[in-house]
Amino acid sequence: MGDRWRVEVDRTLCIGSGMCVGHAPDSFDLDAARQSHARATTADADEKLLAAAENCPVEAITLTAADSGDPVFPPEE
């Protein structure tokens, strides 16, 4: 079994650009108010999921290692 990530969207930051859905359509949806939400709270580590977080224009998506809680994105500075 591979790495798992916890996926969170800060809906107070989300501007509904849809970039997350464009990069990882199996992982994100936009609701009627165009707010993003993750389809699952944890997911297999995946380049598409990372691309969605990296390309969010307001960095509303955070990814952390599900087992340790270590940050994946945004990385610790």
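Here goes a summary of the coordinates provided. (Residues numbered from 1 in each chain as written. Predicted model: local features only at pLDDT ≥ 70, side-chain atom pairs only at ≥ 80, totals over all residues. Heavy atoms only, no water.)

In this section: the pattern of salt bridges. Summed over all chains, the structure comprises three salt bridges. With a shortest N-O distance of 2.6 Å, Asp 31 and Arg 11 are connected by a salt bridge. Of this pair, Asp 31 sits in the loop between strand 2 (28-30) and strand 3 (36-38) while Arg 11 sits in the loop between strand 1 (4-9) and helix 1 (19-23), and the two are 20 residues apart along the sequence. Judged by relative accessible area, which is 39%, Arg 11 ranks as partly exposed. (Salt bridge = Lys/Arg side-chain N within 4 Å of Asp/Glu carboxyl O. Helix = DSSP H or I, 4+ residues; strand = E, 2+ residues; numbered from the N terminus. Buried < 20%, exposed > 50% of the residue type's maximum accessible area, 1.4 Å probe, protein only.)

A cluster of acidic residues, Asp 3, Asp 67, Asp 70 and Glu 76, forms a negative patch on the protein surface. By secondary structure assignment, the location of Glu 76 is in the segment after strand 6 (71-73). (Patch = residues over 30% accessible without salt bridge, like charges linked within 9 Å, V, L, I, M, F, W, Y side chains within 5 Å. Areas by Shrake-Rupley, 256 points an atom, 1.4 Å probe, with all protein chains shown as cover. Lys, Arg positive; Asp, Glu negative; His and termini not counted. Charge placed at Lys NZ, Arg CZ, Asp CG, Glu CD.)

Each neighbour pair has its own omega, and for Phe 73 with Pro 74 the value is -5°, a cis peptide bond. Its place among the elements puts Pro 74 in the segment after strand 6. A positive phi angle, close to 60°, is found at Arg 34, a residue other than glycine. By the secondary structure assignment, Arg 34 is in the loop between strand 2 and strand 3. Located in the positive-phi region is Glu 59, a residue other than glycine, with phi close to 50°. As for its position among the elements, Glu 59 is in the loop between helix 2 (47-55) and strand 5 (61-65).

Moving on to the pairing of strand 1. On strand 1, burial follows the alternation: Trp 5, Val 7 and Val 9 on one face are buried, whereas Arg 4, Arg 6 and Glu 8 on the facing-out side are not. One ladder, built from three bridges, connects strand 1 with strand 4 (residues 42-44); its direction is antiparallel. Looking at the pairing, Arg 6 lines up with Thr 42 of strand 4. As judged from the five bridges shared by strand 1 and strand 5, these two strands associate in the antiparallel manner. Each bridged residue has a counterpart across the sheet, and for Val 9 the counterpart in strand 5 is Ile 61. (Pairing = 2+ DSSP bridges.)

Attention now goes to the environment of Ala 33. You can see Ala 33 is positioned in the loop between strand 2 and strand 3. By relative accessible area, Ala 33 is classed as exposed at 60%.

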